[in-house]
Amino acid sequence: MQTRTLGTNGPDLNPIGLGCMGLSEFYGKATEQQTAIALLHKAIDLGVNHFDTAELYGMGANETLLGEAFADRRDKVFIATKFGITRDAKTRAMTGVDGSPEAVRRACDGSLVRLKTDHIDLYYQHRMDGSVAIEETMGALADLMNEGKIKAIGLSECSGDTLRRAHAVHPVSAVQSEYSLFSRDLETGVIPVCRELGVSLVAYSPLGRGMLSGAFTKENAPDAKDYRSYSPRFSPENYAANLALAEEVHAVAARHKAHPAQIALAWVLAQGDFVHVIPGTTKAKNLTSNLAAGEVTLSQSDLAELDNLSAKVVGDRYADMSVVNR
Ligand code: ATR
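Nothing here was measured: the structure is a model prediction, and the numbers come from that model. (Residues numbered from 1 in each chain as written. Predicted model: local features only at pLDDT ≥ 70, side-chain atom pairs only at ≥ 80, totals over all residues. Heavy atoms only, no water.)

Engineer: Hey, could you run me through unusual backbone geometry in this one?
Structural biologist: Residues other than glycine predominantly adopt negative phi, and peptide bonds predominantly adopt the trans conformation. The linkage connecting glycine 10 with the following residue, proline 11, adopts the cis geometry, with an omega of 10°. Positive phi, normally seen in glycine, also occurs at arginine 92, with a value near 70°. In this fold, arginine 92 is placed in the loop between β6 (85–87) and β7 (94–97). Since its relative accessible area comes to 38%, arginine 92 is described here as partly exposed. Although it is not a glycine, glutamate 157 adopts a positive phi angle of roughly 60°. Counting through the fold element by element, glutamate 157 comes out in the loop between β9 (153–156) and α5 (160–169). (Helix = DSSP H or I, 4+ residues; strand = E, 2+ residues; numbered from the N terminus. Buried < 20%, exposed > 50% of the residue type's maximum accessible area, 1.4 Å probe, protein only.)

Engineer: Would you take a moment to explain the nonpolar core for this structure?
Structural biologist: A general tendency of soluble globular proteins is for nonpolar side chains to be buried together. Core analysis: the largest hydrophobic core is formed by 84 residues, its most contacted members being Leu40, Phe51 and Leu163. When residues in this core are grouped by element, the largest group, eight residues, is from helix α8 (residues 260–269). In this structure, leucine 40 is in contact with Leu18, Cys20, Leu23, Phe51, Leu65, Leu66, Ala69 and Phe70, ignoring residues within four places of it in sequence. Residues Phe78, Ala152, Tyr204 and Tyr318 belong to the second largest nonpolar core, which totals 13 residues. (Core = buried A, V, L, I, M, F, W, Y, C linked by side-chain atoms within 4.5 Å. Contact = heavy atoms within 4.5 Å.)

Engineer: How do you make sense of helix α7 (residues 239–256) when you look at a structure like this?
Structural biologist: Since the α-helix advances by 3.6 residues per turn, residues separated by three or four positions end up pointing in the same direction. For α7, which comprises 18 residues, the first-to-last C-alpha distance of 27 Å matches the rise-based estimate of 26 Å (1.5 Å per residue) to within 8%. Within α7 the residues assigned to the buried category are Tyr239, Asn242, Leu243, Leu245, Ala246, Val249, Val252 and Ala253. Looking straight down α7, one finds its buried side chains confined to an arc of 160°; they lie on one side. Buried residues along α7 sit in contact with α8 and α10 (300–307). A positive phi of about 50° marks lysine 257, the residue just after α7. (Expected span 1.5 Å × (residues − 1). Arc of directions from axis to C-beta.)

Engineer: Looking at this structure, how should I read the pairing of strand β11 (residues 200–204)?
Structural biologist: Looking down a regular strand, the side chains alternate between one sheet face and the other. Buried residues dominate β11, accounting for five of its five residues. Burial along β11 is two-sided: the face carrying Ser200, Val202 and Tyr204 and the face carrying Leu201 and Ala203 are both buried. Viewed along the sheet, the connection from strand β10 (residues 174–178) through helix α6 (residues 190–197) into β11 turns out right-handed. Where β11 lies against strand β12 (residues 275–277), three bridges are found, and the strand directions are parallel. Counted as the bridge partner of leucine 201 is valine 275 from β12. (Right-handed = clockwise from strand over helix to strand, strands pointing away. Pairing = 2+ DSSP bridges.)

Engineer: Is there a simple way to explain empty space enclosed by the protein in this structure?
Structural biologist: With a probe scaled to a water molecule rolled over the atoms, the places where space remains empty come into view. Under the criterion given, the structure shown has one cavity of 30 Å³ or more. Here the largest cavity is characterised by a volume of approximately 60 Å³. Lining the largest cavity are Glu178, Phe182, Gly208, Arg209, Met211, Ser231, Arg233, Phe234, Asn242 and Val313. (1 Å grid on protein atoms, 1.4 Å probe; cavity = no way out; pocket = protein on both sides within 12 Å on 5 of 7 lines; lining within 4 Å. Points joined across faces, edges and corners; volume = space filled by probe spheres on them.)

Engineer: Any chance you could explain the site of the ligand here in plain terms?
Structural biologist: Residues in contact with the ligand amount to 19 residues; listed here are only the nearest, Tyr27, Leu207, Thr281, Thr282 and Lys283. A distance of 3.0 Å separates a nitrogen atom of the ligand from a polar side-chain atom of serine 213. Contacts to the ligand include arginine 228, whose side-chain N or O atom sits 2.8 Å from an oxygen atom. Taken together, the residues that form the shell around the ligand break down as six nonpolar, ten polar and three charged. (Near = heavy atom within 4 Å. Polar contact = N/O pair within 3.5 Å; in protein donor to acceptor, adjacent residues only side chain to side chain. Nonpolar A, V, L, I, M, F, W, Y, C, P; charged D, E, K, R; others polar.)

Engineer: So what exactly am I meant to see when it comes to the layout of surface pockets here?
Structural biologist: There is about 280 Å³ of room inside the second largest pocket. As for the second largest pocket, its lining consists of 14 residues, of which Glu55, Ile85, Thr86, Arg87 and Ala107 are closest to the centre. Counting only elements with at least two residues in the lining of the second largest pocket, the list comes to β6 and α3 (101–114). Tallying contributions element by element places α3 first for the lining of the second largest pocket, with five residues. For the lining of the second largest pocket, the residue count by class is seven nonpolar, three polar and four charged.

Engineer: Help me understand the pairing of β9, please; the structure alone is not making it clear to me.
Structural biologist: Judged by which residues are buried, β9 turns out to be covered on both faces: Ile153 and Leu155 on one side and Gly154 and Ser156 on the other are all buried. Relative to β9, strand β8 (residues 122–125) is paired through three bridges, and the arrangement is parallel. For tyrosine 123, the partnering residue across the bridge sits in β9 and is isoleucine 153. Running through helix α4 (residues 134–146), the crossover from β8 to the neighbouring parallel element β9 is right-handed. Both β9 and β10 contribute to a ladder of three bridges, which runs parallel. Residue pairing across strands places serine 156 opposite glutamine 176, the latter belonging to β10.

None of the figures reported here should be taken as evidence of function without further support.
Below, the structure is given as structure tokens:
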């Protein structure tokens, strides 16, 4: 797979990275530490160099895991992490967003310790803070850049307008937002601005949180311990319809003798060279298969067939859509 440049200044990365969240939280039980570390090491061996985490994931546990795994091979990995979503220490409930300069500095120092590194390669604001001007948050991020603590700036789930304002303060290298065959709302908002300003799009949940990867069936839906069971698209009234839609990807996969997850990833990668994907997986077999998506070339008619699906998806991406595209 050819590398793709992040933002306008790079570095050049394997456009198929690894979303590490599920190793620690949200998708059922956390993976046992030694197994998780083995997976992260295997990812490097297979050519992955872009690893995505956040302070939020496991309330620091996911960053600590990456710190353990990568301390002796820091030069081989590009680490992206995120700040800004606040949680209650006792209940673990998410309580809001803090983009104040003091919070940015505090969060960065905490992430550096947990990641056992002196720099973060790409530092994202995880969600936009409606009460702090983006210019103020960007000012704090620019200071961290000048100090060498972070090497590039990103925003996650921002609007096109916020991206434009942020970029005027300091170049933004990447926007990370949900983007898949099933989630294309950003095509009319932030994507045209990414293209115009030379900002990369890092697509999270490119497999529709597993809906597009064949991980779920009618009988095997996410259980109550899995955060996805609270997602509108996985709710009892929408689940069967969305699953049936996801099965339409299987026909394209059969034609290519490929796995449906590979088709879903190839579709995202086909949307432009400014796009990177970070599918999440906890399994070496799925990691290996996902990386081979780079070899799948979809025809114009495959793309047209797949393009039809998103309009038929039922349910919003999140129960509360006010927290995204801000
Ligand atoms: P997110 O970005 O939120 O992690 P995603 O990348 O769209 O979401 O999907 C992640 C889900 O797809 C995980 O549940 C993952 O399960 P495993 O940890 O069991 O792999 C699943 N998944 C990823 N790649 C897969 C593959 N090749 N086959 C089947 N399931 C896969």
